[in-house]
Amino acid sequence: MTTSPTVPQTTSAYRSPQGRPHTPSPSQAPSQAAAPSAAVRPAPPAAATPSRPGPPAARRRWIALAVLILAVLLVTLDATVLVLAIPFISESLNPSATQLLWIGDSYSFVLAGLLVSMGSLSDRIGRKRLLLIGSLAFGAASLLAAYAPGAGWLIAARALLGVAGATIMPSTLSLIRNLFPDDGERARAIGIWGAAATAGAAGGPLLGGLLLEHFWWGSVFLINLPLIALLMVLGWRLLPESRDPNPGAWDLPSVGLSLVGIIAVVYAVKEAAVNGPFEAGVIVTAVLGTGCLIGFVRRQLRLPVPLLDVRLFADPRFTAAASGALIALIGLAGVVFFLSQYFQLVRGYSPLQAGLADMPAFAGSVVGGLTAAYLARRCGHRAAFAGGLLAMGLGLGALGWVHSGTSYLLIAVAFLVTGVAEGVVYAMSTTMVLDAAPKEKSGAAGAVSETAYELGTALGIALVGSVLTAVYRSGLVLPATVHGPAATESANSLGGAVHTASTLPSGSADALLSSARGAFVQGMNLAAVLSGALLVGAAVLVWVLLRHRRPADRT
């Protein structure tokens, strides 16, 4: 009578080294339980213990995270690995200035336009399944980009890469949200994920530089193929499947409205910066895009199961995270895109040297992502997020004083500050978006975070690039010997001016290069100062939006 409660207590208190409940054999049990009842009879050892026990659940989560890091590296590397190849593409494919910008931002445009739709789709058909399908598509589009015969083909291939990438990024975040139910573990996992994402984006130019030292520009796309092969094998074996148990229908009209709306608005902004806001095409696309986005929001409010629950934006954490991330990337992306041209075409660095010059930003972004969770615990989400945006603004603004002969030490310090801050901002914004959304809607919520970054990247390249191009053209003084197609090519871009100079006598070439480089640096300086001011404004916005957060949110 006295031993019956003891047996269950003993058998449930001990866990095996593999993490499974362990039931003592009869020889291990107390003598009073030598003949246990059927209710507590131990199972045969062969049935209870597999021949090859897998890792415990905790270890499985972190192994799965490593696979997801491989996926995010694939997408973020591709976003920046092209940066150092732009001068080579200009020489090989001879794109116009507009085509050159589209080569840089078509990937981000399409990625941003489809992320919400694909995030919602992953909630419905399964996050693992969509990630693996998207990885295969990413490989096919990479092959097309590597062997593109012209600028139009390359733009189309980059757009297809954006479609494939949109299936991968939301799946990684939603899988993390479901793998790590504990808030503390999830914050650390997102910090590691964010460090990998920023490291991939920052390491893209270095990898591109290494490839361009030995191969043609298409090699920057072929590097995706071994990563995809590894991701397919490991992802199939190690990633768990998850989906929304009550997903509802995938609303195709909502997909069309979000895609057309985002791309049309970004295109209108891009063209307005180049041709002016009152050009007929700009007005038409702006009205079309705005109307589609308004229609998208109204439709989501009416649907019983929306593609995106826009009511999430009523949560100040969600709104602050999404808006802060958007503004941060608008300021950062354009400056980073054109700094590679500064290093190669103004300072005369080789592609590898230009990639190495970005290393302080690479190291800083990793450190920032890994320390974001610690900073949030110590200072609170509000101070960590707003402080990261402010530091990014100061780092970018410092580049406004860079000229052709500036000591690299100043540039390295600015890169390091910007990189650390960007790592913190990336991890903080992602954590806050996921925490504000229900677990079953993590795919769509994660897509909002990624949409903010990709849309910010596309807008940043378009806006900052247009500002720089306008200053460059206004400050460029062409020698009298440069006219006709050569003058048009020189005015299109600094790369075009360098190419034209290679065909001129030394005196005219030197005059053209001096004027073109000076005008380019002036444009870059103005773009950097404006970007820094934009980031400072974002810090103020986040600080205001999060002013009513509870003390418990500091954890």
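Residues numbered from 1 in each chain as written. Predicted model: local features only at pLDDT ≥ 70, side-chain atom pairs only at ≥ 80, totals over all residues. Heavy atoms only, no water.

**Things to note about the overall build of the protein chain**
- On a plain count of helices and strands, the protein chain comes out with 21 helices and zero strands.
- Burial status across the protein chain gives 53% buried among its 555 residues.
- Summing over all exposed atoms, the protein chain offers an accessible surface of approximately 23,100 Å²; the carbon and sulfur share of this is 67%. (Helix = DSSP H or I, 4+ residues; strand = E, 2+ residues; numbered from the N terminus. Buried < 20%, exposed > 50% of the residue type's maximum accessible area, 1.4 Å probe, protein only. Areas by Shrake-Rupley, 256 points an atom, 1.4 Å probe, with all protein chains shown as cover.)

**Thoughts on the packing of aromatic side chains**
- One pass over the full model with this rule turns up six aromatic pairs.
- Ring pairs connect the aromatic residues Tyr342, Phe343, Tyr349 and Phe415, which therefore count as one cluster.
- A cation over an aromatic ring shows up here: Lys128 above the ring of Trp236, its NZ or CZ 5.5 Å from the ring centre. (Phe/Tyr/Trp six-rings, centres within 6.5 Å; stacked < 30°, edge-to-face > 60°. Lys NZ or Arg CZ within 6 Å of the ring centre and 35° of its normal.)

**Examining the layout of surface pockets**
- One number sums up the size of the largest pocket: a volume of about 540 Å³.
- Lining the largest pocket are 20 residues, and of these Ile262, Leu293, Phe313, Thr451 and Leu455 sit closest to its centre.
- Listed by contribution, the elements that provide at least two residues to the lining of the largest pocket are α11 (252–275), α12 (280–302), α13 (316–346) and α18 (442–475).
- Sort the elements by how many residues they give to the lining of the largest pocket and α18 lands first, with five residues.
- When its residues are assigned to classes, the lining of the largest pocket shows 16 nonpolar, four polar and no charged. (1 Å grid on protein atoms, 1.4 Å probe; cavity = no way out; pocket = protein on both sides within 12 Å on 5 of 7 lines; lining within 4 Å. Points joined across faces, edges and corners; volume = space filled by probe spheres on them. Nonpolar A, V, L, I, M, F, W, Y, C, P; charged D, E, K, R; others polar.)

**A short note on the environment of Ala195**
- Structurally, Ala195 can be placed in helix α8 (residues 183–214).
- Using a relative accessible area of 4% as the deciding quantity, one classes Ala195 as buried.
- For the pair Ala195 and Gly368, spaced 173 residues apart in sequence, the C-alpha separation works out to 7.1 Å.
- Aside from chain neighbours lying at most four places away, what touches Ala195 is Ser365, Val366, Gly369 and Leu370. (Contact = heavy atoms within 4.5 Å.)

**Digging into the nonpolar core**
- The biggest cluster of nonpolar side chains holds 149 residues, and the ones touching the most others in it are Tyr342 and Leu399.
- Beyond its immediate stretch of four places on either side in the chain, Leu399 contacts Val335, Leu339, Ile411, Ala414, Phe415, Asn525 and Ala528. (Core = buried A, V, L, I, M, F, W, Y, C linked by side-chain atoms within 4.5 Å.)

**With respect to a nonpolar patch on the surface**
- Where nonpolar side chains cluster on the molecular surface, the patch consists of Leu143, Tyr147, Phe215, Trp216 and Leu225 and spans about 510 Å² of accessible area.
- Along the chain, Trp216 falls in the loop between α8 and α9 (219–222). (Patch = residues over 30% accessible without salt bridge, like charges linked within 9 Å, V, L, I, M, F, W, Y side chains within 5 Å. Salt bridge = Lys/Arg side-chain N within 4 Å of Asp/Glu carboxyl O.)

**Here's the deal with the packing of helix α4 (residues 86–93) against α13**
- At a minimum axis distance of 9 Å, the contact between α4 and α13 shows a crossing angle of 80 degrees. By the angle class used here, α4 and α13 are roughly perpendicular. Residue-level inspection shows Ile86, Pro87 and Phe88 of α4 in contact with α13, the latter providing Phe337, Gln341, Gln344 and Leu345. (Axes fitted to C-alpha atoms, helices over the stretch in contact; angles between N-to-C directions. Parallel < 35°, antiparallel > 145°, perpendicular 65-115°, else oblique.)

**Here we look at the confidence of the model for the protein chain**
- This prediction gives the protein chain a mean pLDDT of 77; 83% of its residues lie at or above 70.
- Between the elements of the protein chain, mean pLDDT differs from a low of 36, seen in helix α1 (residues 6–13), to a high of 91, seen in helix α16 (residues 381–398).
- Of the regions scoring below 50 in pLDDT, residues 1–55 engages in 27 contacts with residues more than four places distant in sequence or in other chains.
- Taken together, the stretch residues 550–555 has pLDDT below 50 and engages in eight contacts with residues farther than four places along the chain or on a different chain. (pLDDT = per-residue confidence, 0-100.)

**Describing the packing of helix α19 (residues 485–492) against helix α20 (residues 494–501)**
- Direction vectors running N to C along α19 and α20 enclose 140 degrees, while the axes themselves pass 5 Å from each other. In terms of orientation, α19 and α20 fall into the oblique class. Of the residues in α20, those touching α19 at Ala486, Glu489 and Ser490 are Gly496, Ala497, His499 and Thr500.
- For the contact of α19 with α20, the residue count by class is two nonpolar, four polar and one charged.

**Side note on the side chain of Thr431**
- Summarising the element assignment, Thr431 is placed in helix α17 (residues 408–436).
- Here Thr431 falls in the buried class, since its relative accessible area comes to 11%.
- There is a polar contact of 2.9 Å between the side chain of Thr431 and the backbone oxygen of Ala427. (Polar contact = N/O pair within 3.5 Å; in protein donor to acceptor, adjacent residues only side chain to side chain.)

**Regarding the side chain of Thr500**
- Checked against the element boundaries, Thr500 lands in helix α20.
- Residue Thr500 is classed as buried on the basis of its relative accessible area of 3%.
- Polar side-chain contacts of Thr500 include one of 3.3 Å to the side chain of Glu489.
- Separated by 3.1 Å, the side chains of Thr500 and Ser490 make a polar contact.
- Contact partners of Thr500, with chain neighbours within four places excluded, come to Val482, Ala486, Glu489, Ser490 and Leu512.

**Some words on the environment of Leu252**
- Examined against the element boundaries, Leu252 turns out to sit in helix α11.
- On a C-alpha basis, the gap between Leu252 and Leu307 in space is 9.2 Å, while along the polypeptide they are 55 residues apart.

**What about α17?**
- Between its first and last C-alpha, α17 extends 42 Å over 29 residues, near the 42 Å set by a 1.5 Å rise per residue.
- Within α17, 21 of the 29 residues are buried, which leaves the element mostly enclosed by the surrounding structure. (Expected span 1.5 Å × (residues − 1).)

**Structural notes on the environment of Asn178**
- If you trace the backbone, Asn178 turns up in helix α7 (residues 151–179).
- Exposure remark for Asn178: the relative accessible area of 22% places this residue in the partly exposed category.
- Residues Asn178 and Pro240, 62 residues apart in the sequence, show an inter-C-alpha distance of 9.5 Å.

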